[in-house]
Amino acid sequence: MEAPAAPHNPAETEASVSPSVPSVEITVTAPEQMRDLGRRLAKLLRAGDLVMLNGELGAGKTTLTRGLGEGLGVRGAVTSPTFVIARVHPSLGDGPPLVHVDAYRLGGGLDEMEDLDLDVSLPESVIVVEWGEGKVEELTDDRLHVVIHRAVGTVSSLGATPGPPETDEVRHVTVTGLGERWSTVDLSVLSA
């Protein structure tokens, strides 16, 4: 299966229309930095948050989600849910569970995803959807868009693509908060 081109990012369009949309750009050069970014991002998340991850195959979406899982303190190894579509990781403490969804194989919009009951899970969970653009925006106006850019065709250890790590593992990550929930959140703490 050929990797689809990186989808248009509505967060970029919305950010250009509304300068008050919080956004931060982070450069990541190693898998551990991507996981660390996930751990920092987890500190900003709470039950009811929707995080949409977009980027080419092997960009590091699942690696970032592993860091999120570590930061949220959830049970179970966070692995790509490509073939099961969704995995629920219950909290080991008093935090929200992590629902990790891979919408890569889903063609339709929210209607096709209804069987996952994301609308029911959202209020008490943190939901992370890989490849969710054009499929889950209807769940809530308040969401976080995370776009990971890398050179297409570069195999690396940052993502799930098998093969030897390349010397160029640079990723440019753009995190954009949309909606009232994110209007006052200081995303610059992710750059630390």
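For the structure itself, consult the block above.
Here the structure is a predicted model, which means the values were calculated and not measured.

Engineer: Whenever I open this one, the pattern of salt bridges confuses me. Can you help?
Structural biologist: Pairing is possible between side chains of opposite charge, provided their charged atoms come close. Applying the stated rule across the entire model yields 6 salt bridges. As a salt-bridge pair, Arg-39 and Glu-32 come within 2.3 Å of each other at their nearest N and O atoms. Put simply, Asp-49 and Arg-181 hold a salt bridge, and the shortest N to O gap is 2.8 Å. Highlighted residues: Asp-49 in the loop between α2 (31–42) and β2 (50–55) and Arg-181 in the segment after β7 (171–178), separated in sequence by 132 residues. Classification of Asp-49 by relative accessible area gives buried; the value is 3%.

Engineer: Would you take a moment to explain the packing of α2 against helix α3 (residues 61–72) for this structure?
Structural biologist: Taken N-terminus to C-terminus, the directions of α2 and α3 make an angle of 45°; their axes are 6 Å apart at the nearest point. Taken together, α2 and α3 sit at an angle that is classed as oblique. Crossing handedness for the pair α2 and α3: right-handed. Of α3, the residues touching α2 (which contributes Pro-31, Met-34, Arg-35, Leu-37, Gly-38, Arg-39, Leu-41 and Ala-42) are Thr-63, Leu-64, Arg-66, Gly-67, Leu-68, Glu-70, Gly-71 and Leu-72. Grouping the amino acids of the contact of α2 with α3 by side-chain chemistry returns 8 nonpolar, 4 polar and 4 charged.

Engineer: Looking at this structure, I do not really get α3. What am I missing?
Structural biologist: One turn of the α-helix equals 3.6 residues, which is why residues spaced by three or four share an orientation. Over its 12 residues, α3 runs 16 Å from end to end, which matches the ideal 16 Å to within 8%, given 1.5 Å per residue. Burial analysis of α3 places 9 of its 12 residues in the buried class, the great majority of the element. Here α3 has its buried residues at Lys-61, Thr-62, Thr-63, Leu-64, Thr-65, Gly-67, Leu-68, Gly-69 and Leu-72. On its buried face, α3 is in contact with α2, β2, β4 (98–102), β5 (126–130) and β6 (143–149).

Engineer: Quick question: what am I supposed to make of the packing of aromatic side chains here?
Structural biologist: The way to describe two aromatic rings as a pair is by their centre distance and the angle between their planes. The final tally for this structure, using the stated rule, is 0 aromatic pairs. Sitting above the plane of the Trp-182 ring, Arg-181 keeps its charged end 4.0 Å from the centroid.

Engineer: Can you help me understand the nonpolar core in this one?
Structural biologist: Proteins that are soluble and globular tend to have nonpolar side chains buried together. Core analysis: the largest hydrophobic core is formed by 29 residues, its most contacted members being Val-146, Val-173, Val-175, Leu-187 and Leu-190. With 4 residues, the single largest contributor to this core is α2. Once residues lying within four places of it in the same chain are set aside, the contact partners of Leu-190 are Val-24, Ile-26, Leu-37, Arg-40, Leu-41, Leu-44 and Val-175.

Engineer: Looking at this structure, how should I read α2?
Structural biologist: Over its 12 residues, α2 extends 17 Å from the first C-alpha to the last, a length consistent with the 16 Å expected when each residue adds 1.5 Å. Every buried residue of α2 is listed here: Met-34, Leu-37, Gly-38, Arg-40, Leu-41 and Ala-42. Contact partners of the buried residues in α2: β1 (23–28), α3, β6 and β7.

Engineer: So what exactly am I meant to see when it comes to the pairing of β7 here?
Structural biologist: The two faces of a sheet get side chains in turn, since along a regular strand they alternate between them. When you tally the buried positions in β7, you get 7 out of 8 residues, the bulk of the element. Taken together, the 6 bridges between β1 and β7 define a ladder with antiparallel strand orientation. Counterpart to Thr-27 in the pairing with β7 is His-172. Pairing analysis gives 7 bridges linking β6 to β7, with the strands arranged antiparallel. Counterpart to Leu-144 in the pairing with β7 is Gly-177.

Conventions and cut-offs
- One numbering rule holds for all chains: residues counted from 1, following each sequence as written.
- Restriction of local features to residues with pLDDT of at least 70 applies here, the model being predicted, together with a cutoff of 80 or more for giving and counting side-chain atom pairs; totals for whole chains, interfaces and linings are based on all residues.
- Water and hydrogen atoms were dropped before computing side-chain values, which therefore reflect all heavy atoms in the structure.
- Whenever a carboxyl oxygen of Asp or Glu lies within 4 Å of a side-chain nitrogen of Lys or Arg, that contact is scored as a salt bridge.
- Put simply, DSSP H or I for four residues or longer makes a helix, DSSP E for two residues or longer makes a strand, and each gets a number counted from the N terminus.
- Partly exposed residues are those whose accessible area sits between 20% and 50% of the maximum for their type, while under 20% is buried and over 50% is exposed, using a 1.4 Å probe and protein chains only.
- Axis lines are fitted to C-alpha atoms, over the contacting stretch for helices. Their N-to-C directions set the angle, which ranges from 0 to 180 degrees.
- Note that the term roughly parallel is reserved for angles under 35 degrees, roughly antiparallel for angles over 145, roughly perpendicular for angles of 65 to 115, and oblique for everything else.
- In this scheme the handedness of a crossing depends on how the near helix is turned from the far one: anticlockwise by less than a right angle means left-handed, clockwise means right-handed.
- Should any heavy atoms of two residues lie within 4.5 Å, those residues are considered in contact.
- Gly counts as polar in this scheme, as do all residues outside two lists: the nonpolar Ala, Val, Leu, Ile, Met, Phe, Trp, Tyr, Cys and Pro, and the charged Asp, Glu, Lys and Arg.
- Each helix should span, by expectation, one fewer than its residue count multiplied by 1.5 Å.
- Two rings from Phe, Tyr or Trp (for Trp, the six-membered ring) form a pair when their centres are within 6.5 Å of each other. A pair whose planes differ by under 30 degrees is stacked, one over 60 is edge-to-face, and the rest are tilted.
- Here, over-ring charges are defined by two tests on the NZ atom of lysine or the CZ atom of arginine: distance to the ring centre within 6 Å, and angle to the ring normal within 35 degrees.
- The term nonpolar core refers to a set of buried residues drawn from Ala, Val, Leu, Ile, Met, Phe, Trp, Tyr and Cys, joined through side-chain atoms within 4.5 Å.
- Pairing between strands requires that DSSP locate at least two bridges from one strand to the other.

Fair warning: the whole summary comes from geometry, so function is off the table for now.
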